[in-house]
Amino acid sequence: GDSVTQMEGPVTLSEEAFLTINCTYTATGYPSLFWYVQYPGEGLQLLLKATKADDKGSNKGFEATYRKETTSFHLEKGSVQVSDSAVYFCALNPPRGAGSYQLTFGKGTKLSVIP
Amino acid sequence: DTGVSQDPRHKITKRGQNVTFRCDPISEHNRLYWYRQTLGQGPEFLTYFQNEAQLEKSRLLSDRFSAERPKGSFSTLEIQRTEQGDSAMYLCASSLVLGNTEAFFGQGTRLTVV
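Here's a quick rundown of the structure. Source: prediction; values computed, not measured. (Residues numbered from 1 in each chain as written. Chains lettered and ligands numbered in written order. Predicted model: local features only at pLDDT ≥ 70, side-chain atom pairs only at ≥ 80, totals over all residues. Heavy atoms only, no water.)

**What about the interface of chain B and chain A?**
Rules: Contacts: residue pairs with any heavy atoms within 4.5 Å of one another. Reported buried area values correspond to the accessible surface (1.4 Å probe) lost by two parts on association, with both partners' losses combined. Two N or O atoms form a polar contact when they lie within 3.5 Å of each other; inside protein one atom must be a possible hydrogen donor and the other a possible acceptor, and for residues adjacent in sequence the pair counts only when both atoms belong to side chains. In this text, helices come from DSSP runs of H or I with a minimum length of four residues, and strands from runs of E with a minimum of two, each type numbered from the N-terminal end.
Tallying the contact residues gives 20 residues for chain B and 18 residues for chain A. For the pairing of chain B and chain A, the buried interface totals around 1500 Å² over both sides, and the portion due to carbon and sulfur atoms is 50%. If you sort the residues of chain B by the area they bury against chain A, Pro43, Glu56 and Phe105 of chain B come out on top, with a joint share of 27%. There are five residue pairs in polar contact (both at pLDDT 80 or more) connecting chain B and chain A. Secondary-structure elements contributing two or more residues to the side of chain B that touches chain A are strand E4 (31-37) and strand E5 (44-50) of chain B. With four residues, the top contributor of residues to the side of chain B that touches chain A is E4 of chain B.

Below, the structure is given as structure tokens:
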């Protein structure tokens, strides 16, 4: 079945440091790929997405590129802020026509940014 | 607030009791999903509805779990004869069928079985 593997945390960075959170997936066909973020005490929010190979999703300074050849969707940000402290989840959705609409999530990576 | 609403936010129950959670999706959303999240794990899919029809169920959804969406609006998730292993955060999400199909999540119901 489908699966998502993301780097284990926690990750602690100083403000303005560069962030990479690795995510790889196993799925048939061309799934849609997502990054969700969960701030303390809040629900999951969609951060960015990509629906086909070589697409780049971006939002709030975060970026991720859909790499079919390496089955990866790594999250990056050039300069993190304290307000980016949260848990980040990589997820996939089966391709259209697969008859399934469930999201498969990774385990999450907790990011703490210190001033 | 027009987001996904879940009630209650927290529930503590004794083992063996039945519990029911409610989810109110975003009003125009046809699809509604239930997920379960345990500590240190990502959310795991339980089931989803399109309007009032339950179209997909995970193997995680044992016979003790039942979900309904009787009028295609709000949904309930019932757990009968709760066990300690049912302790988790239960998340609801909703989305449109066409156009922007992004899933919007509620804040969840945290269940503790003692």
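**Points about the pairing of strand E8 (residues 75-79) of chain B**
Side chains on a regular strand alternate between the two faces of the sheet. All names here are of chain B. Put simply, the test is: Exposure is judged per residue with a 1.4 Å probe applied to protein chains only, and the accessible area is read against the type maximum: over 50% gives exposed, under 20% gives buried, and values in between give partly exposed. Any two strands are treated as partners once DSSP identifies two or more bridges connecting them.
Going residue by residue along E8, you find Ser75, Leu77 and Ile79 tucked away on one face and Thr76 and Glu78 left uncovered on the opposite face. Sheet topology note: the strand E3 (residues 19-24)/E8 ladder contains five bridges and is antiparallel. Bridging from a neighbouring strand, cysteine 23 pairs with serine 75 of E8. Judged from the four bridges that link them, strand E7 (residues 65-68) and E8 form a sheet pairing that is antiparallel. Looking at E8, one finds that phenylalanine 65 is bridged to isoleucine 79. Hairpin connection from E7 to E8: six residues lie between these consecutive antiparallel strands, with glycine 72 at a positive phi of about 70°.

**Comments concerning the environment of glycine 29 of chain A**
Residues and elements named next belong to chain A. Examined against the element boundaries, glycine 29 turns out to sit in the loop between strand E4 (23-26) and strand E5 (32-38). Glycine 29 sits 49 residues away from glycine 78 along the chain, and the two C-alpha atoms are 31 Å apart. Setting aside residues no more than four positions away along its own chain, glycine 29 makes contact with Lys68 and Pro95.

**Thoughts on the sheet that holds strand E3 (residues 19-21) of chain A**
All names here are of chain A. As a reminder, the rule being used: Orientation is described by axes fitted as lines to C-alpha atoms, over the contacting stretch for helices, and by angles from 0 to 180 degrees between their N-to-C directions.
Taken together, the four strands give an open sheet; going across it, the order is E3-E9-E8-E7, and neighbouring strands pair in antiparallel fashion. Both outer strands of the open sheet, E3 and strand E7 (56-59), are each paired with one neighbouring strand and no more. Mean inter-strand twist for the sheet, computed between neighbouring axes without regard to direction, equals 15°. When strand E8 (residues 62-65) meets strand E9 (residues 75-77), the two strands line up antiparallel, connected through three bridges. Paired with glutamate 63 across the two strands is glutamate 76, which belongs to E9.

**Side note on the sheet that holds E3 of chain B**
Residues and elements named next belong to chain B. The four strands lie next to each other as E1-E3-E8-E7, forming an open sheet whose pairing is antiparallel. Two strands in the sheet have a free side with no partner beyond their single neighbour: strand E1 (5-7) and E7. Going across the sheet, the axis of each strand differs from the next one's by a mean of 15°, ignoring polarity.

**Considering the state of the cysteines**
This is how the line gets drawn: A pair of cysteine sulfur atoms is labelled a disulfide when the two atoms are within 2.5 Å.
If you walk through the whole model with that rule in mind, you get two disulfides over all chains. Each sulfur of the disulfide joining cysteine 23 of chain A and cysteine 90 of chain A lies 1.9 Å from the other. An S-S torsion of about -70° defines the bridge between cysteine 23 of chain A and cysteine 90 of chain A as left-handed. With cysteine 23 of chain A in strand E4 and cysteine 90 of chain A in strand E10 (residues 86-93), this residue pair connects regions lying 67 residues apart in the sequence. Of the two residues, cysteine 23 of chain A and cysteine 90 of chain A, neither departs from the other in class, the shared state being buried. Cysteine 23 of chain B shares a disulfide with cysteine 92 of chain B; S-S distance 1.9 Å. On the S-S bond that ties cysteine 23 of chain B to cysteine 92 of chain B, the torsion sits near -70°, and the link is left-handed. Of the two residues, cysteine 23 of chain B is situated in strand E3 and cysteine 92 of chain B in strand E9 (residues 88-95); the sequence distance between them amounts to 69 residues. Neither residue differs from the other here; cysteine 23 of chain B and cysteine 92 of chain B are each classed as buried.

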